[in-house]
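Each chain is listed here by its residues.
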Amino acid sequence: MSAEATGARVEELLDGLTAKGGPAVAEAAEELVRALMEFYGAGLARLVDRLSGTSGNPLGALLGDELVAGLLVLHGLHPEDREQRVAHALSAAEAGDLRVTGFDEESGELRLTKPEGGGCGCPSTSGAVEQRVAAALSCFAPEVTKVTLEQPAAREPALLQIGTRPPGAAANGPAVAR
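On a predicted model such as this, the values are computed, not experimentally measured, just so you know. (Residues numbered from 1 in each chain as written. Predicted model: local features only at pLDDT ≥ 70, side-chain atom pairs only at ≥ 80, totals over all residues. Heavy atoms only, no water.)

Q: I would appreciate a short explanation of the overall build of the protein in the present structure.
A: Helix and strand content of the protein: 6 helices and 3 strands. The helix and strand sequence of the protein, counted from the amino end, reads α-α-α-α-α-β-β-α-β. For the protein, the exposed surface amounts to about 12400 Å²; the carbon and sulfur share of it is 57%. (Helix = DSSP H or I, 4+ residues; strand = E, 2+ residues; numbered from the N terminus. Areas by Shrake-Rupley, 256 points an atom, 1.4 Å probe, with all protein chains shown as cover.)

Q: Explain the sheet that holds strand 3 (residues 146-150) to me, please; I cannot follow it from the model alone.
A: Note on sheets: strands pair through backbone hydrogen bonds, and any given pair is parallel or antiparallel. What the 3 strands build is an open sheet, ordered 1-2-3; its pairing is mixed. Because the sheet does not close on itself, it has two edges, and the strands there are strand 1 (99-104) and strand 3. Across this sheet, the average inter-strand angle for adjacent strands is 20°, counted without regard to direction. Where strand 2 (residues 109-113) meets strand 3, 5 bridges bridge the pair, whose relative direction is parallel. Within strand 3, the residue paired with Arg111 across the bridge is Thr148. (Pairing = 2+ DSSP bridges. Axes fitted to C-alpha atoms, helices over the stretch in contact; angles between N-to-C directions.)

Q: Please clarify how the nonpolar core should be interpreted in this entry.
A: When a protein is soluble and globular, its nonpolar side chains tend to lie buried together. Of all hydrophobic cores here, the largest spans 19 residues; its most connected members are Val86, Leu98, Leu110, Leu112, Val133, Leu137 and Val144. Mapped onto this core, the elements with two or more residues apiece are helix 5 (82-92), strand 2, helix 6 (123-140) and strand 3. It is helix 6 that contributes the most residues to this core, 5 residues altogether. Residue contacts for Val144: discarding those within four places in its chain leaves Val86, Phe103, Gly108, Leu110 and Leu137. (Core = buried A, V, L, I, M, F, W, Y, C linked by side-chain atoms within 4.5 Å. Buried < 20%, exposed > 50% of the residue type's maximum accessible area, 1.4 Å probe, protein only. Contact = heavy atoms within 4.5 Å.)

Q: Can you walk me through the packing of aromatic side chains in this structure?
A: Aromatic ring pairs are described here by two measures, namely the spacing of the ring centres and the angle between the planes. In total, this model carries 1 aromatic pair according to the counting rule given. For the ring pair Phe39 and Tyr40, a centre distance of 5.7 Å and an interplane angle of 80° mean the geometry is edge-to-face. (Phe/Tyr/Trp six-rings, centres within 6.5 Å; stacked < 30°, edge-to-face > 60°.)

Q: Got a minute to help me understand helix 4 (residues 66-74) in this structure?
A: Within an α-helix, residues lying three or four positions from one another point in the same direction, as the helix has 3.6 residues per turn. For helix 4, a buried count of 7 out of 9 residues is recorded, marking the element as mostly surrounded by other parts of the structure. The set of residues buried in helix 4 consists of Leu67, Val68, Ala69, Gly70, Leu71, Leu72 and Val73. The distance from a side-chain oxygen at the start of helix 4 to the backbone nitrogen of Leu67 is 3.0 Å, and the residue carrying that oxygen is Asp65. Just past helix 4, the residue Gly76 takes up positive phi, approximately 70°. (Polar contact = N/O pair within 3.5 Å; in protein donor to acceptor, adjacent residues only side chain to side chain.)

Q: Any chance you could explain the pattern of salt bridges here in plain terms?
A: Here the idea is simple: oppositely charged side chains can pair when their charged atoms come close. For the structure shown, the criterion picks out 7 salt bridges. Between Arg34 and Glu31 there is a salt bridge whose closest N-O contact spans 3.3 Å. Of the two residues, Arg34 and Glu31 are both situated in helix 2 (residues 23-52); the distance of 3 residues between them amounts to about one turn of the helix. What makes Arg34 partly exposed here is its relative accessible area of 42%. According to the relative accessible area criterion, Glu31 is partly exposed, its value standing at 45%. Between Glu143 and Arg85 there is a salt bridge whose closest N-O contact spans 2.6 Å. (Salt bridge = Lys/Arg side-chain N within 4 Å of Asp/Glu carboxyl O.)

Q: What is the right way to look at the side chain of Glu80 in this model?
A: In this structure, Glu80 sits in the loop between helix 4 and helix 5. Of the side chains with opposite charge, Arg85 comes closest to the buried, unpaired Glu80, at an N-O distance of 6.1 Å. Not counting the four nearest positions on each side in its chain, Glu80 is found in contact with Leu63, Arg85 and His88. (Lys, Arg positive; Asp, Glu negative; His and termini not counted.)

See the structure below:
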């Protein structure tokens, strides 16, 4: 594919849309092409930026960038498997100590859980974490279409026994003569 041939093909398709659908359809198609070009342009700019600033592992620098990773996944070029990309997404979302407890291939549902004692379990906090994780996953692992944050199984609370003091026992240590 050459740039000239691609440009000519895009013009041909836009002209066809104008002839078939009228000016409004052609304008919408041109806006679509413009948005895609901006997206790819931003991705290429990041590629250049990441590669120019790295000396050790340039691929690692690229895979850690959400936009570049998204472009690689979109075209089936990302070298990491889903588990690695999900780990990158959890890290990018600053999701704390969440663990993957399952993935449903058919529905795209990723189930996550907090380790015991991890966070307060407040619904508002859980919802914010789910949103951050879902946003990061859309770039790193778009095959994940739903995120469910499962709460760890509730433990029985420790039994605290409160009783009366034996007669003659002081509240704060040995008895003090008055």
